[in-house]
Amino acid sequence: MLTKKLEKVLNEQVEKEGYAAQLYLAMASWADSKGLEGISNWFYAQHMEEIQHMLKFIKYINERGGHAVVPKIDQPPREFKGVKQAFEASLEHEQMVTKSINNIVGICLEEKDFTTQNWIQWFVDEQLEEESSVQGLLDKLDLLGDGNLYLFDRDIMAMRVAGDTAV
Ligand code: FEO
């Protein structure tokens, strides 16, 4: 059974994962509207991953005797200044999510809920992967320079086609 404190922070995490899903969907739609097919595919796939993350939290809260509440989710930005800025915003967002997951790990220890601590370890690993994946794309963008968006778009498309999200 979850403690009230853990139920509350896990529910807050549902909302954060939901917002991440919305943010990536906004980036996907923005890139799609600019004809950046590879980049928009990458963001659409991220959107689906975040939906899965949100569902994992919802199911876990309910499984442990809590009540997962479906949250109201804020509208993400409609516009992004450029591809690099969109990936920078992604990285910043993932870093915020990592902090939030680490905070939950700390609360698991305080509350001596080692089951949840064990369960959330999957997210600790996932965050490491997500941050390094976005950082890798930013490094690639820097290497290619502003004039090579076409190449970057083609490259990122090949990554998802190969089913490889790591960079
Ligand atoms: Fe579910 Fe990208 O954090």
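Note that the structure is a prediction, hence the values are computed from the model and not measured.

Caption draft 1: Summary view of unusual backbone geometry. With a phi angle near 55°, K112 is a residue other than glycine that sits in the positive phi range. Within the secondary structure, K112 is located in the loop between α3 (83-110) and α4 (114-144).

Caption draft 2: Highlighting the side chain of Q127. Relative to the elements of secondary structure, Q127 occurs in helix α4. Contact partners of Q127, with chain neighbours within four places excluded, come to E94, V97, T98 and I101.

Caption draft 3: Looking closely at the environment of K56. Examined against the element boundaries, K56 turns out to sit in helix α2 (residues 37-63). What makes K56 partly exposed here is its relative accessible area of 35%. When the C-alpha positions of K56 and E17 are compared, they lie 9.9 Å apart, and in sequence the two are 39 residues distant. Discounting residues that sit within four places of it in the chain, K56 has contacts with W119, W122 and F123.

Caption draft 4: Fine view of the packing of aromatic side chains. For the coordinates displayed, the defined rule picks out eleven aromatic pairs. Ring centres of Y24 and F43 lie 6.0 Å apart, and the angle between their planes is 25°; this geometry places the pair in the stacked category. Of the two residues, Y24 is situated in helix α1 (residues 4-33) and F43 in helix α2; the sequence distance between them amounts to 19 residues. Of the two residues examined, Y24 and F43, each falls in the buried class. Within the aromatic cluster, the residues linked to one another by ring pairs are Y24, W42, F43, F87 and F152. Positioned over the ring face of W122 is K56, at 4.1 Å from the centre of the ring.

Cut-offs used in this document
Per chain, the residues get numbers from 1 upward, laid out in the order the sequence is written. Side-chain atom pairs in this predicted model are given and counted only at pLDDT of 80 or more, local residue features only at pLDDT of at least 70, and totals for whole chains, interfaces and linings cover all residues. For the side-chain quantities, the full set of heavy atoms in the structure was used; hydrogens and water were omitted. Each helix is a run of H or I in the DSSP string that is no shorter than four residues. Each strand is a run of E no shorter than two, and both are numbered from the N terminus. Note on definitions: a residue-residue contact is assigned when non-hydrogen atoms from the two residues lie within 4.5 Å. Type-normalised accessible area, obtained with a 1.4 Å probe on protein chains alone, sets the label of each residue: buried when under 20%, exposed when over 50%, and partly exposed for intermediate values. Aromatic rings from Phe, Tyr and Trp, taking only the six-membered ring of Trp, are treated as a pair when their centres fall within 6.5 Å; an angle between ring planes under 30 degrees marks them as stacked, one over 60 as edge-to-face, and anything in between as tilted. Note on geometry: a ring has a charge over it if NZ (lysine) or CZ (arginine) is within 6 Å of the ring centre and within 35 degrees of the ring normal.

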